[in-house]
Amino acid sequence: MQMKSPKKKYILKPKKQTFLDIVRRLKKEPIEFSEFLDLLKNISDKFYENSELEFELLLINGFPLDIKDDFVYLRTTKTPICEQTFCFVDIETNGGSPKNGHQIIELGAVKYKNGQILDKFDSLVFSKEIPIYIQEVTNISLDMLQTAPRLEKVLKEFKEFLGDDVFVAHDIKFDYNFISDSFEKYNLGKLLNRKICTIDLSKRCIQSQKYGLSTLKELLNIDVQNHHRAYFDALSTEIIFERCLENIDFSKIKSTEDLIAFSKSNNILKISKENN
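Note that the structure is a prediction, hence the values are computed from the model and not measured.

Caption draft 1: View of the packing of helix 2 (residues 33-42) against helix 3 (residues 51-60). Between helix 2 and helix 3, the least distance of the axes is 8 Å, while the angle of their chain directions is 95 degrees. With respect to helix 3, the element helix 2 is oriented roughly perpendicular. Taken together, the residues of helix 3 that come into contact with helix 2 (itself represented by Phe33, Phe36, Leu37, Leu40 and Lys41) are Ser51, Glu52, Glu54, Phe55 and Leu58. A per-class count over the contact of helix 2 with helix 3 returns six nonpolar, one polar and three charged.

Caption draft 2: View of helix 2. Among the residues of helix 2, Phe36, Leu37, Leu39 and Leu40 are the ones counted as buried. Down the axis of helix 2, the sector holding all buried residues measures 160 degrees, keeping them to one side. Buried residues along helix 2 sit against helix 1 (19-28), strand 1 (31-32), helix 3, strand 2 (65-68) and strand 3 (71-74).

Caption draft 3: Summary view of the sheet that holds strand 3. With respect to topology, three strands assemble into an open sheet ordered 1-3-2, the strand pairing being antiparallel. The strands lining the two open edges of the sheet, one partner per strand, are strand 1 and strand 2.

Caption draft 4: Seen up close, the pairing of strand 3. Bridge count between strand 1 and strand 3: two bridges; the pairing is antiparallel. Bridge pairing in strand 3 places isoleucine 31 opposite valine 72. When strand 2 meets strand 3, the two strands line up antiparallel, connected through four bridges. Bridge pairing links lysine 68 to phenylalanine 71 in strand 3. Hairpin remark: strand 2 followed by strand 3, antiparallel, with two residues in the connecting loop; positive phi at aspartate 69, about 50 degrees.

Caption draft 5: Quick peek at the sheet that holds strand 8 (residues 195-197). Judged by pairing direction, the sheet is mixed, and its five strands sit side by side in the order 6-5-4-7-8 without closing on themselves. Of all the strands in the sheet, just strand 6 (116-124) and strand 8 have a single pairing partner and so form its edges. Adjacent strand axes in the sheet meet at a mean angle of 20 degrees, parallel and antiparallel pairs treated alike. Pairing geometry for strand 5 (residues 104-113) and strand 6, over eight bridges, is antiparallel. Counted as the bridge partner of alanine 109 is phenylalanine 121 from strand 6. Across the face of the sheet, helix 10 (residues 230-245) comes into contact with strand 4 (86-93), strand 5, strand 6, strand 7 (166-169) and strand 8 while running at roughly 30 degrees to strand 5.

Caption draft 6: Seen up close, the packing of helix 1 against helix 2. Two elements in contact, helix 1 and helix 2, have axes separated by 10 Å at closest approach and are oriented at 155 degrees. One element, helix 1, and the other, helix 2, form an angle in the roughly antiparallel class. Taken as a pair, helix 1 and helix 2 cross one another with a handedness that is right-handed. Facing helix 1, whose interface residues are Ile22, Arg25 and Leu26, helix 2 presents Glu35, Phe36, Leu39 and Leu40. Across the contact of helix 1 with helix 2, the residue classes break down as five nonpolar, no polar and two charged.

Caption draft 7: Region of the structure containing the packing of aromatic side chains. Under the definition given, this model contains 12 aromatic pairs. Summarising the aromatic geometry, the rings of phenylalanine 19 and phenylalanine 63 are spaced 5.1 Å apart at their centres and angled 65 degrees between planes, so their arrangement reads as edge-to-face. Taken together, the residues phenylalanine 19 in helix 1 and phenylalanine 63 in the loop between helix 3 and strand 2 connect sequence positions 44 residues apart. Accessibility expressed as a relative area gives 15% for phenylalanine 19, which makes it buried. With 5.7 Å between their ring centres and 70 degrees between their planes, phenylalanine 121 and phenylalanine 158 make a pair best called edge-to-face. Taken together, the positions of phenylalanine 121 in strand 6 and phenylalanine 158 in helix 6 (residues 151-162) put the pair 37 residues apart, joining distant regions of the chain. Three or more aromatic residues joined by ring pairs form one cluster here, namely Phe86, Phe88, Tyr112 and Phe241. A cation sits over an aromatic face here: lysine 78 above tyrosine 73, 5.4 Å from the ring centre.

Rules used throughout
Residues numbered from 1 in each chain as written. Predicted model: local features only at pLDDT ≥ 70, side-chain atom pairs only at ≥ 80, totals over all residues. Heavy atoms only, no water. Axes fitted to C-alpha atoms, helices over the stretch in contact; angles between N-to-C directions. Helix = DSSP H or I, 4+ residues; strand = E, 2+ residues; numbered from the N terminus. Parallel < 35°, antiparallel > 145°, perpendicular 65-115°, else oblique. Contact = heavy atoms within 4.5 Å. Nonpolar A, V, L, I, M, F, W, Y, C, P; charged D, E, K, R; others polar. Buried < 20%, exposed > 50% of the residue type's maximum accessible area, 1.4 Å probe, protein only. Arc of directions from axis to C-beta. Pairing = 2+ DSSP bridges. Left-handed = near helix turned anticlockwise from the far one by under 90°. Phe/Tyr/Trp six-rings, centres within 6.5 Å; stacked < 30°, edge-to-face > 60°. Lys NZ or Arg CZ within 6 Å of the ring centre and 35° of its normal.

Here it is, written out as structure tokens:
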């Protein structure tokens, strides 16, 4: 008689959490501080083995955390839009990626809160090369950059300027990732700020055939010159953001995190022709 071999027992290991998993949870509820440190200790994409250092690094890199009654919460879940500081950012570069040896040649930003511009950041960046086609598009010549500050200095100053504001850009993936990769290249951490793409937001607030910056500037009669210059494009982005806010139902979208979620949602607001 043939004996049957016993069935093997498979034990499922708990799935390793990522930082994104923690962010998803924080968007729903605060987490007890001791538990939060344990989560940081066990995530797969942590910076340090020491979870308390990890917590400090999140703050340094712009992740807007606060602690109340021994619970950690994401500040943007409780901050009304009118009380949130947004930082509108644009960069000009001499290529597509810092990983391929390219760099920022101009960085511009505008701080905005509740209808008012609070501050601005505007700097050219030293570089030894700019392709001719980029010079033609931006009107930034190599001669203009020879006396400009070095990239590391500009990045340090911008990191301090940005703080933990919400990072806003038109086609945010490029600007956000390029700056974050540049930070890492100079051992300045990485970007962990909450972020909003004004292309995404515009698609939910403004009726248009296309959503490029030049198209929306023309559609909305935004009279900001010097297209493809960092500060002026950041300023145009801020105006587009304000126009988007005019078409938002604030009885439903109240906190900054609500606005971030709305910008990524499938909801398209119905805007009358008069508003466009």
